[in-house]
Amino acid sequence: MKAKIAVLAGDGIGPEVTTQAQRVLQVIADNWDHTFEFEDALVGGAAIDAVGDPLPDSTLKTCRESDAVLFGAIGGPKWDDPNAKIRPEQGLLRLRRGLDAFANIRPVKPHPDLLEAAPLKADRLENVDLVVVRELTGGIYFGKKTRDADRATDECAYSVPEIERIVRVAARIAADRSGQLTSVDKANVLETSRLWRATTERVIRDEFPQVRLEHVLVDAAAMHLLQKPAAFDVIVTENMFGDILTDEASVLAGSMGLLPSASLSDDGPGLYEPIHGSAPDIAGLGIANPYAAILSASMLLRHSLKLEEEADVVERAVWRVIHEGVLTTDLAGEGKRSVNTQAAGDAVCEIVATSTPCM
Ligand code: NAD
Ligand code: IPM
Ligand code: MN
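In the nomenclature of an unreviewed UniProt entry, the protein chain is known as 3-isopropylmalate dehydrogenase of Acanthopleuribacter pedis. The UniProt entry for the protein chain carries the following text under Function (unreviewed entry): "Catalyzes the oxidation of 3-carboxy-2-hydroxy-4-methylpentanoate (3-isopropylmalate) to 3-carboxy-4-methyl-2-oxopentanoate. The product decarboxylates to 4-methyl-2 oxopentanoate."

Spelled out as structure tokens, the structure:
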């Protein structure tokens, strides 16, 4: 097949990990006889520095004209002035909105060989295999904002159609798995959460009788995620709760550098990005873990290009190199033998290159 992939590497470790993900995609193209046309575009701090805008019109146009977008990370101390009017993060938020990429899918499945990398007791991590479906284009991120000298506000708003569509995505995923769906909200305090809960109940009752729905308050969910993570299967939640809970969930996997994501719209290109940021503390050292970016590329193959077999090959290759002990420092631990970003990418490419297509 022929596909056009926009590559928005961004800032900090964004370019370092995206390079490896792109290499893996190229190996897939070579081996399976696909043509992937990559087009680089500016985003985030790099775009502010170049043209004064974290999401130039030309970048959004490139993305809209592509089949999928491979995204690295944005942000960093250089652009972090709390009084700045223009920020790298605005570029990512406008991109998500611009693509209507409302359904952010963040799978969390700890590798059995990494149970020691997590600070939790290993037995708590057995059988953990969950998916967080995060609403990505609404809520407090996109509500009206005000700022005076001595007061600031961020409005949190959700409409029924916004809730319905994310619940449907999550329910479909749950129906394909165990049938269990956990909706996380703060319905004991927030009006948006009460609307969220009522809408979720109606959608599941009317459209997904095979799905078992439970509601959990976000503060309790944060605790359960560490105390009994294996009890979760599919979690659906609003934008900000999903942001926080998935960084927390990365601890289960052993590192931020392991969690990929797909952000999907009803039509139009999907956006694929690791859940981590630009990691200023390690940027430029060439030691970032590229597996989250590579696994995001696997999600790109699966969801946007419908290349299931190729997606599986990439996922299994990452799984295997971890089993073989090809670990960056975040996974290996300080002072232990580890590999750099490039070597981790090499290892995945090597396995993908020797995987033959099933004819
Ligand atoms: P971060 O995710 O960048 O880093 C948190 C910690 O995890 C750091 O110690 C970092 O070294 C480590 N880490 C993250 N990714 C890693 C990887 N691939 N390999 C090894 N270690 C990794 O979060 P932060 O420090 O809170 O934010 C830094 C900047 O990134 C901020 O400007 C923030 O706005 C931005 N950010 C961007 C995105 C995105 O582009 N999608 C996501 C989160 C944060
Ligand atoms: C993420 C990030 C972003 C978010 C920031 C950088 C805007 O933390 O993708 O999880 O909050 O959604
Ligand atoms: Mn986040």
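Chemist: Could you clarify how one ought to interpret the sheet that holds strand β5 (residues 130-135) in this entry?
Modeler: Across a sheet, strands are paired by hydrogen bonds formed along the backbone, either parallel or antiparallel in direction. Taken together, the 10 strands give an open sheet; going across it, the order is β2-β1-β3-β12-β11-β4-β5-β10-β8-β9, and neighbouring strands pair in mixed fashion. Both outer strands of the open sheet, β2 (35-40) and β9 (212-217), are each paired with one neighbouring strand and no more. When strand polarity is set aside, the average angle formed by the axes of neighbouring strands in this sheet is 25 degrees. Along the sheet, helix α10 (residues 291-303) makes contact with β3 (68-73), β11 (262-264) and β12 (270-272), crossing β12 at roughly 160 degrees.

Chemist: Help me understand unusual backbone geometry, please; the structure alone is not making it clear to me.
Modeler: Across the chain, the bulk of peptide bonds are trans and the bulk of non-glycine residues have phi less than zero. Located in the positive-phi region is D33, a residue other than glycine, with phi close to 65 degrees. Along the chain, D33 turns up in the loop between α1 (14-32) and β2. The backbone phi angle of K306 is positive, close to 55 degrees, even though this residue is not glycine. Mapped onto the fold, K306 is located in the loop between α10 and α11 (308-323).

Chemist: How should I be thinking about the UniProt feature "domain: Isopropylmalate dehydrogenase-like" (unreviewed entry) in the protein chain in this particular structure?
Modeler: On the UniProt side, "domain: Isopropylmalate dehydrogenase-like" (unreviewed entry) is annotated at positions that read residues 4-348 here. Along residues 4-348, the helical share is 43% and the strand share 18%, with 22 Å between the first and last C-alpha atoms.

Chemist: Would you take a moment to explain the site of ligand 1 for this structure?
Modeler: Lining the immediate environment of ligand 1, one finds 23 residues, of which G75, G257, H276, G277 and N289 sit closest. Of the residues that constitute the shell around ligand 1, the class distribution is 11 nonpolar, eight polar and four charged.

Chemist: Can you help me understand helix α13 (residues 341-354) in this one?
Modeler: Every α-helical turn comprises 3.6 residues, leaving residues that sit three or four positions apart pointing alike. Taking 1.5 Å per residue as the helical rise, α13 with its 14 residues ought to reach 20 Å, and the 21 Å between its terminal C-alpha atoms agrees with that figure. Listed as buried for α13 are T341, A344, G345, V348, I351 and V352. End-on, the buried residues of α13 take up no more than an arc of 130 degrees, which puts them together on one face. Those residues of α13 that are buried are in contact with α1, α10 and α11.

Chemist: Explanation requested: the UniProt feature "site: Important for catalysis" (unreviewed entry) in the protein chain in the structure shown.
Modeler: Mapped onto this numbering, the UniProt entry gives "site: Important for catalysis" (unreviewed entry) at Y141 and K186. Along the polypeptide, Y141 turns up in the loop between β5 and β6 (145-148). Setting aside residues no more than four positions away along its own chain, Y141 makes contact with L93, N239 and M240. In this fold, K186 is placed in the loop between β8 (180-185) and α7 (191-207).

Chemist: Explain the site of ligand 2 to me, please; I cannot follow it from the model alone.
Modeler: Inspection of the region around ligand 2 gives G75, E89, L92, L93, D243, I275 and G277 as its neighbouring residues. If one sorts the elements of the shell around ligand 2 by residue count, helix α4 (residues 88-98) sits on top with three residues. Residue classes in the shell around ligand 2 are distributed as three nonpolar, two polar and two charged.

Chemist: Looking at this structure, I do not really get the pairing of strand β1 (residues 2-10). What am I missing?
Modeler: Side chains on a regular strand alternate between the two faces of the sheet. The buried fraction of β1 is high, at seven of nine residues. The pairing of β1 with β2 spans six bridges and is parallel. Directly across from A3, in β2, lies its bridge partner F36. Crossover connection from β1 via α1 to parallel β2: handedness right-handed. Note that β1 and β3 share five bridges and pair parallel. Of the residues in β3, the one forming a bridge with A6 is V69.

What counts as what
- Residues numbered from 1 in each chain as written.
- Chains lettered and ligands numbered in written order.
- Predicted model: local features only at pLDDT ≥ 70, side-chain atom pairs only at ≥ 80, totals over all residues.
- UniProt positions renumbered as here; feature names shortened; annotations may be inferred.
- Pairing = 2+ DSSP bridges.
- Helix = DSSP H or I, 4+ residues; strand = E, 2+ residues; numbered from the N terminus.
- Axes fitted to C-alpha atoms, helices over the stretch in contact; angles between N-to-C directions.
- Contact = placed C-beta atoms within 7 Å.
- Near = placed C-beta within 6 Å.
- Nonpolar A, V, L, I, M, F, W, Y, C, P; charged D, E, K, R; others polar.
- Expected span 1.5 Å × (residues − 1).
- Buried ≥ 20, exposed ≤ 12 C-beta atoms within 10 Å, placed from the backbone.
- Arc of directions from axis to C-beta.
- Right-handed = clockwise from strand over helix to strand, strands pointing away.

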